Each structure stands twice: as C-alpha cells, then as structure tokens.
Amino acid sequence: MILFTHHTGEPHGILGAQVAATFLERRLSAPSIVVGIERDFSKEQLLRFVDTHYAGEAKRIAFTHLCGRKDLMDLARELKKGGFRTVLGGPQAREDYEGEPGTDAQPHRFKGLKSIIDMAFQGPVDGLRSEDLDTRTGVCEFSWKKNLFLEMDWSNVYTFSDTLKKLEIRLGQVLNAIGCPYAGKLQTVTLPPPVSLRGRRVGEMEVRSEGCIFCDVSRDKGYHGLVERDGVIAQIAGLPEMDGMKIPFELIDEYPIRSLGQLLQETEKNGIKLSQMNLVCRVDDINEHASVLTEVLSLAQKHNVKIMFASIGFESFSDRLLHYFCKGITVNDIARCVETLRRLKDRFPNHLLYRRDEGANHGFIRPTPWDDPETMREMDSTIFLNRWHEDILPEHSTPFIIHHASYLGDWIRQIESTTGITFGREGTWIEWWNPSLKE
Ligand code: SF4
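Before going into details, it helps to say that this report is about the structure given with it. (Residues numbered from 1 in each chain as written. Predicted model: local features only at pLDDT ≥ 70, side-chain atom pairs only at ≥ 80, totals over all residues. Heavy atoms only, no water.)

The next subject is the site of the ligand. Every residue close to the ligand is listed here: Cys-180, Gly-211, Cys-212, Phe-214, Cys-215, Ser-218, Glu-254, Arg-282 and Lys-327. Looking at the shell around the ligand residue by residue, the classes come out as 4 nonpolar, 2 polar and 3 charged. (Near = heavy atom within 4 Å. Nonpolar A, V, L, I, M, F, W, Y, C, P; charged D, E, K, R; others polar.)

Shown next, in the form of structure tokens:
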C-alpha cells in the first residue's frame, strides 16, 4: 500500500506517515511505503508508477498531511475514479472529510472530501484493523493515549517529483508530547474585520479560541500529555546513524525544556550517541526556564550534543497582532527570550544554535488580515532597534493561513453570515484576502 504525503524534497522524516506505514506492515501485514510528493510533481509519471506498483495488488491507497494542496486532492479524485479505495489520515482528516458547515446556503464553502475519500481516520493509527482498511467507510476515530505505537521503518520512505527516489533521511522526528499544552488555553478575542473590508459596515467580532488562533494542532488534536519516557528513548534508539552518532532529530514538543536534562542523561546511560536535538519551542518556555536551560546546555556540552532552537514561535513583533493571534506573549517577552539566547550563545558557542545562519527558521507571520501602515512601521522599527534582523528574523515570512476548520474559519463564516460578503476558498484554505463584495 502507498501512503502519499506532502513533501518538500528535503532530507527530513515524516513521523506520522512513517509510523502509519510501519504499523500497517508490522501489525496488519499490509506491506506499505511512504511517498512524499513534491509540489512540482509530474502527475502523468506518478500515475504510471502507481500502475506498475499495484500490478496484482489490492487497490488501496492512503493520503496523509495534505497541507492544503489541491493537487493532492485532485490526485485522490483521479485514483478513486480509477477504482482505488482511498483512505485519508493525518491532521484534520475528519474535518477535511466533512467540510465546512452551511454549504447548502453558501455553496462557495469547502464541501469536504466525501466524494473522493472512502474512509477518513482521525487520531493515532493504533486502533486500525485489517478489515477497516478494506470495508469501513466514513470517519473512523481513535483516541490518543500515552503508549502509542511509535515504531518506524526508516527504509521505506521515498519522494516523487518525476521519478521515485529513495529518501536518505538526515533529520528525524521524535514525539515527546501528544499535541500542545497551550492548546488547552481557552480565550475569547475581539477581532476587527480584515483591512480589505475597511470602509464597509462590518463590525468587530468576538471569536473563541483554544491555543493560538491560527493553529491547526490546537483544535484538531488538543493536548494528551507526554509520551512515556521508555517510548521516547525507544524512538531515539531507533533513529538511523551517521558517523557513529544518531542523526539530528526534531523533538516534537512545544514545551521541550522540562524533558531535556533527563533525555540527555538517559540516552547517555543507554549508550546512545546523540549529535543534535532540534527544538520547536514557545517563547514562554525559554523565559520560564532560563536557569534550567543553562544546566541543560552544560550537560549538552559535556556529552558533546548540540541543542538547536530550530523554530521558536515568535509569529509577530507587534503587540496588537500577537493579541489577535492569542499567542499569549508580548514583544517584551520576545525581547527577553532573545536576550537569554544571545547570552547563552556567548557561553555555549558550539552547543547552542538558534541563529538564522545556523539553520534556524523562526515563526514570523506576514501578511495578516490586520496589517496596516502604522503596525508595519512599528514592527519594522522594533525589529531594527532590537537587532532581530541580525539573528532571529527569518529570510521569508509565512503568510497567514486560515484552514476552514480553525477558530478563524468560524470568524470568517460569522462575517459571511452577517454581511453577505463571501471569501474565496482554495481547497481547504479560506482566502481572507479575497472577499467578494456586493455593491
Ligand atoms: S501554534 Fe504552537 S503553541 Fe500555539 S497552540 Fe499551536 S502548537 Fe501550541
């Protein structure tokens, strides 16, 4: 069975798809491979490869982590037409299968993938049974638990652009936290309309959010605690090696600092040689644990392991936008965090990495629906005065994305229902920059 997923072609692993393929093969006796499809892929060549691969095989095919890509949805449609049984897993599987509410009265809204997907499964792959693969239809939901199946076969991952290429993974992923603790933070924020609607009679609206308002993890997954420590160590032990050491890996946990000391000690105790741990981290974790971080870095230096803050969720350098994002931090918090990192970098130059020129790519969302000249000026001057362009500002910002099932999707639908204005849809995304205005 093939599991198709979005991929950039970079040599990084894809934890969810790898675990699912390994589970299918080891627990359900369904030999499976992961194929990451690059954005510029040749559909013709891919369909030819699928034909050859499935010669004499049961025609079951899976998609995961669509990443809003319409080309992958079109591919699923074509394969279904060609007689395949199609399965969808990964983030937002249930919501993408079901689509937006109110599509009868608002036919421009995303209608979901019911017509092209036979079965969508939400949650971990653990609950799946062989017969589900062949017969079950609609949404199939499994709950998250701490002792997940997390085995990974590192030899069955490929990418496809115009031909199938084996992926030599040089950056793995290790799951430490299931979802994000911040996703439990319930808040209500009053949002002004997008600037494209200024001058129209559209008022401010209250929107409810859990976690960051734009986040696709918070609503979909929530938080289900830490993975059991043995399970984390087993994942690290299973990583491929390069030059006698484990390949660098990303620790999936938005609050990783509390686990680092023990992880470094236990891997050392188990004779596992680490090279580098990449962290995706919130600003408040660094600010609240600056002294713990100093101890962790001393230990990392002793064991010669690099700790890289690969992606810190700064997201904006304007207090107004951070408030709209429900990010739970201020520009002052960011300044404190960067000061800590710069100070620790002076002390641990070879074992702490956090700079753009060291490979980090921190969160910076722009454009957003609320950008105006005043906010842009204020943000540029804050960046300049704090010298953030020297180390933490990414080369490119990330445009603000509204997935139809996020809390912001509710906001857009509220504007649509109360004003008659509609916004474009592109696959699973809502085009907040593209309103259709009735005169
Ligand atoms: S954006 Fe990050 S910190 Fe915010 S809720 Fe999502 S996972 Fe958590």
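This part covers the sheet that holds strand β18 (residues 306-312). Read across the open sheet, the 5 strands follow the order β9-β16-β17-β18-β19; overall the sheet is parallel. Strands at the two margins of the open sheet, each flanked by one partner only, are β9 (172-175) and β19 (352-353). When β18 meets β19, the two strands line up parallel, connected through 2 bridges. From the neighbouring strand, Met-308 faces β19, where its bridge partner is Leu-353. (Pairing = 2+ DSSP bridges. Helix = DSSP H or I, 4+ residues; strand = E, 2+ residues; numbered from the N terminus.)

A separate point is the packing of aromatic side chains. Under the definition given, this model contains 17 aromatic pairs. A centroid spacing of 5.6 Å and a plane angle of 85 degrees characterise the contact between Phe-214 and Phe-325, whose relative ring orientation is edge-to-face. Of the two residues, Phe-214 is situated in the loop between β12 (205-210) and α6 (216-220) and Phe-325 in the loop between α11 (319-324) and α12 (331-347); the sequence distance between them amounts to 111 residues. Here Trp-370 and Trp-411 contribute two aromatic rings whose centre-to-centre distance is 5.4 Å and whose plane-to-plane angle is 40 degrees, an arrangement assigned as tilted. Placement of Trp-370 in the loop between β19 and α13 (373-385) and of Trp-411 in helix α15 (residues 407-419) is noted, with a sequence separation of 41 residues between them. The pair formed by Trp-370 and Trp-411 is uniform in burial state, with each residue classed as buried. What links up through ring pairs into an aromatic cluster is the set Phe-214, Tyr-324, Phe-325, Trp-370, Phe-400, Trp-411, Trp-432 and Trp-433. We note Arg-219 situated over the ring of Tyr-407; from NZ or CZ to the ring centre the distance is 4.2 Å. Directly above the ring of Tyr-182 sits Arg-282, whose terminal nitrogen or CZ lies 3.7 Å from the centroid. (Phe/Tyr/Trp six-rings, centres within 6.5 Å; stacked < 30°, edge-to-face > 60°. Buried < 20%, exposed > 50% of the residue type's maximum accessible area, 1.4 Å probe, protein only. Lys NZ or Arg CZ within 6 Å of the ring centre and 35° of its normal.)

Here we take up the sheet that holds strand β22 (residues 429-436). A sheet is described by the order of its strands in space; here 3 strands give the open sequence β20-β22-β21, paired in antiparallel fashion. Pairing within the sheet leaves two strands with one partner each, and these edge strands are β20 (402-403) and β21 (422-426). In terms of strand pairing, β20 meets β22 through 2 bridges, oriented antiparallel. Residue pairing in the sheet places His-403 in a bridge with Trp-429 of β22. Across the sheet, α15 lies against β20, β21 and β22, angled at about 140 degrees from β21, the strand it touches most. (Contact = heavy atoms within 4.5 Å. Axes fitted to C-alpha atoms, helices over the stretch in contact; angles between N-to-C directions.)

Quick look at helix α3 (residues 70-81) now. For α3, built from 12 residues, the straight-helix expectation of 16 Å at 1.5 Å per residue is met to within 8% by its first-to-last C-alpha distance of 17 Å. By the burial criterion, the buried members of α3 are Leu-72, Met-73, Leu-75, Ala-76 and Leu-79. All buried residues of α3 lie within an arc of 155 degrees about the axis, which places them on one face of the element. In this structure, the buried side of α3 is in contact with β1 (2-6), β2 (33-37), α2 (43-53), β3 (60-64) and β4 (85-89). Backbone geometry just after α3 places Gly-83 at a positive phi near 100 degrees. (Expected span 1.5 Å × (residues − 1). Arc of directions from axis to C-beta.)

Read these as layout, nothing more, since geometry by itself doesn't imply function.
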